[in-house]
Amino acid sequence: MALHVPKTLLASMMKDGARHYRGLDEAVFRNIEACKEMTRITKSSYGPNGMNKMVINHIQKLFVTNDAATIMRELDVEHPAAKLLVMASEMQEQEVGDGTNFVLVLAGALLEQAEELLRMGMSVAEVVSGYEMALEKALEILPGLSCSSLKEVRDVTAVKAAIVTSIASKQYGNEDFLADMVSQACGKDDDTD
């Protein structure tokens, strides 16, 4: 009588249907591929000529939108690496209120370039180190790239010029009217007698 020995101890500890990958080819490239797929879903809805997506969620509710935040919220993402992208997109929505699709597209582009570097033979640590150096350089260069800055928040014309493009991204056609209202509200004194 032969004694049954499980193939791996790890497989016995995981849920049924769970898969375990090891090594660069299996784990890292699969994670990158899952994140790139998330980016592909929303990439075509980016920008002023972005296309709408039809999303049917888990309760069969239909959404037609080009808003990446709505698309990500309604998709039921299960892959751990792709969930990180969704969380980054949600954090951008909470902090800034916009730019969720930009976060996804930028992350997808960075991962695509990282995949090429990994396939050329670089290690994961070298790629991460390179991205950290690029971050430091970007933070050094970024302040000098400002086209204009707002010195006085109570100057109605300066505030209007600064906010009109942001308002136009969400309320196209009404941006001048809304920019006037917001800039006048910024120009009012807090002192009410």
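Above this text sits the structure in question.
Position labels on residues start from 1 in each chain and follow its written sequence. The predicted nature of this model means local features are confined to residues of pLDDT at least 70 and side-chain atom pairs, given and counted, to a pLDDT of 80 or more, with totals for whole chains, interfaces and linings taken over all residues. Note that water and hydrogens are dropped before the side-chain values are worked out from all heavy atoms of the structure.

Trainee: Looking at this structure, I do not really get the overall build of the protein. What am I missing?
Mentor: A tally of helices and strands in the protein yields eight helices and two strands. A helix here means a DSSP run of H or I that spans at least four residues, while a strand means a run of E at least two residues long, and both kinds are numbered starting from the N terminus. Its helices and strands in sequence order give the protein the pattern α-α-β-β-α-α-α-α-α-α, from N to C terminus. Only protein chains enter the accessibility calculation, which uses a 1.4 Å probe. A residue is then buried if its area is under 20% of the maximum for its type, exposed if over 50%, and partly exposed in between. Classification of the 193 residues of the protein by burial places 23% in the buried group. Pairs at least 24 apart in sequence give 46% of the contacts found in the protein among residues at least 6 apart. All accessibility values rest on the Shrake-Rupley procedure with a 1.4 Å probe; residue burial counts only the protein chains present in the view. Summed over all atoms, the accessible surface of the protein reaches about 14,500 Å², with 58% contributed by carbon and sulfur. The contact criterion used is simple: two residues touch if any of their non-hydrogen atoms lie within 4.5 Å.

Trainee: Would you explain the side chain of Thr100 in this entry?
Mentor: In this structure, Thr100 sits in helix 5 (residues 100-119). Using a relative accessible area of 4% as the deciding quantity, one classes Thr100 as buried.

Trainee: Where do I start with the pattern of salt bridges in this structure?
Mentor: Opposite charge on two side chains lets them pair, provided their charged atoms get close. A carboxyl oxygen of Asp or Glu within 4 Å of a side-chain nitrogen of Lys or Arg is what we treat as a salt bridge. Considering all chains together, one arrives at seven salt bridges under this definition. Of the charged contacts, one joins Glu33 and Arg40 as a salt bridge, the two residues approaching to 3.3 Å between their closest N and O atoms. What makes Glu33 partly exposed here is its relative accessible area of 32%. On the accessibility criterion, Arg40 (42% relative accessible area) is partly exposed. When the shortest N-O distance is used, the salt bridge between Asp180 and Lys160 registers 3.2 Å. In this pair, Asp180 is assigned in helix 8 (residues 175-187) and Lys160 in helix 7 (residues 156-170), connecting sequence segments 20 residues apart. Judged by its relative accessible area of 25%, Lys160 is partly exposed. What emerges from the salt-bridge pattern is a single network uniting Glu33, Lys36, Glu37, Arg40, Glu115 and Arg119.

Trainee: Looking at this model, I keep getting lost on the nonpolar core. Mind explaining?
Mentor: The nonpolar side chains of a soluble globular protein tend to be buried, and buried together. We define a nonpolar core as any set of buried Ala, Val, Leu, Ile, Met, Phe, Trp, Tyr and Cys residues linked to one another through side-chain atoms lying within 4.5 Å. In terms of nonpolar packing, the biggest core is built from 14 residues, with Met38, Met72, Val77, Leu85, Val86 and Leu104 touching the most fellow members. Every element with two or more residues in this core is listed here: helix 2 (23-43), helix 3 (68-74), helix 4 (80-95) and helix 5. No other element matches the four residues that helix 4 contributes to this core. Those residues in contact with Met38, other than ones at most four positions away along the chain, are Met72, Val77, Ala82, Leu85 and Val86. Phe29, Ile32, Ala114 and Val127 belong to the second largest nonpolar core, which has five residues in total.

Trainee: Looking at this model, I keep getting lost on a nonpolar patch on the surface. Mind explaining?
Mentor: Like charges are joined within 9 Å and nonpolar side chains (Val, Leu, Ile, Met, Phe, Trp, Tyr) within 5 Å, but only among residues with over 30% relative accessible area and no salt bridge; these make up the patches. A grouping of Tyr46, Phe102, Leu106, Leu110 and Tyr131 is seen on the molecular surface, where their side chains present a nonpolar patch of about 450 Å² in accessible area. Counting residues per element, the nonpolar patch draws most heavily on helix 5, at three residues. Position of Leu110 relative to the elements: it lies in helix 5.

Trainee: Teacher, can you tell me more about the packing of aromatic side chains here?
Mentor: The geometry of an aromatic ring pair is captured by two quantities: the separation of the ring centres and the angle between the planes. In summary, the pairing rule links any two rings of Phe, Tyr or Trp, Trp by its six-membered ring, whose centres are within 6.5 Å, and it sorts them by plane angle into stacked for under 30 degrees, edge-to-face for over 60 and tilted for everything else. Inspection of the entire model under this criterion finds zero aromatic pairs. The residue whose ring lies beneath Arg119 is Phe29, and the NZ or CZ to ring-centre distance is 4.1 Å. Here, a charge over a ring is recorded when the distance from Lys NZ or Arg CZ to the ring centre is within 6 Å and its angle to the ring normal is within 35 degrees.

Trainee: In this structure, what is going on with the pairing of strand 1 (residues 53-56)? I would like to understand it.
Mentor: Along any regular strand the residues' side chains alternate between the sheet's two faces. Here strand 1 shows one buried face, formed by Lys53 and Val55, and one open face, formed by Met54 and Ile56. When DSSP finds two or more bridges between two strands, those strands count as paired. Sheet topology note: the strand 1/strand 2 (residues 62-65) ladder contains four bridges and is antiparallel. Bridging across to strand 2, Ile56 finds its partner in Leu62. Turn length for the strand 1-strand 2 hairpin, with the two strands adjacent in sequence and antiparallel, is five residues, and the turn residue Gln60 shows positive phi of about 65 degrees.

Trainee: Even after reading the chapter, I still don't get helix 5, so can you show me in this structure?
Mentor: With 20 residues, helix 5 ought to run about 28 Å at 1.5 Å a step, and its terminal C-alpha atoms sit 29 Å apart, in line with that. Every buried residue of helix 5 is accounted for by Thr100, Asn101, Val103, Leu104, Val105, Ala107, Gly108, Ala114, Glu115 and Leu118. Count one or two residues on from helix 5 and you reach Gly121, which has phi positive near 115 degrees. Multiply 1.5 Å by the residue count of a helix minus one, and that product is the helix's expected span.

Trainee: Whenever I open this one, the side chain of Thr39 confuses me. Can you help?
Mentor: Counting through the fold element by element, Thr39 comes out in helix 2. The exposure class of Thr39 is buried, given its relative accessible area of 5%. Setting aside chain neighbours within four positions, we find Thr39 in contact with Leu85, Leu104, Val105 and Gly108.

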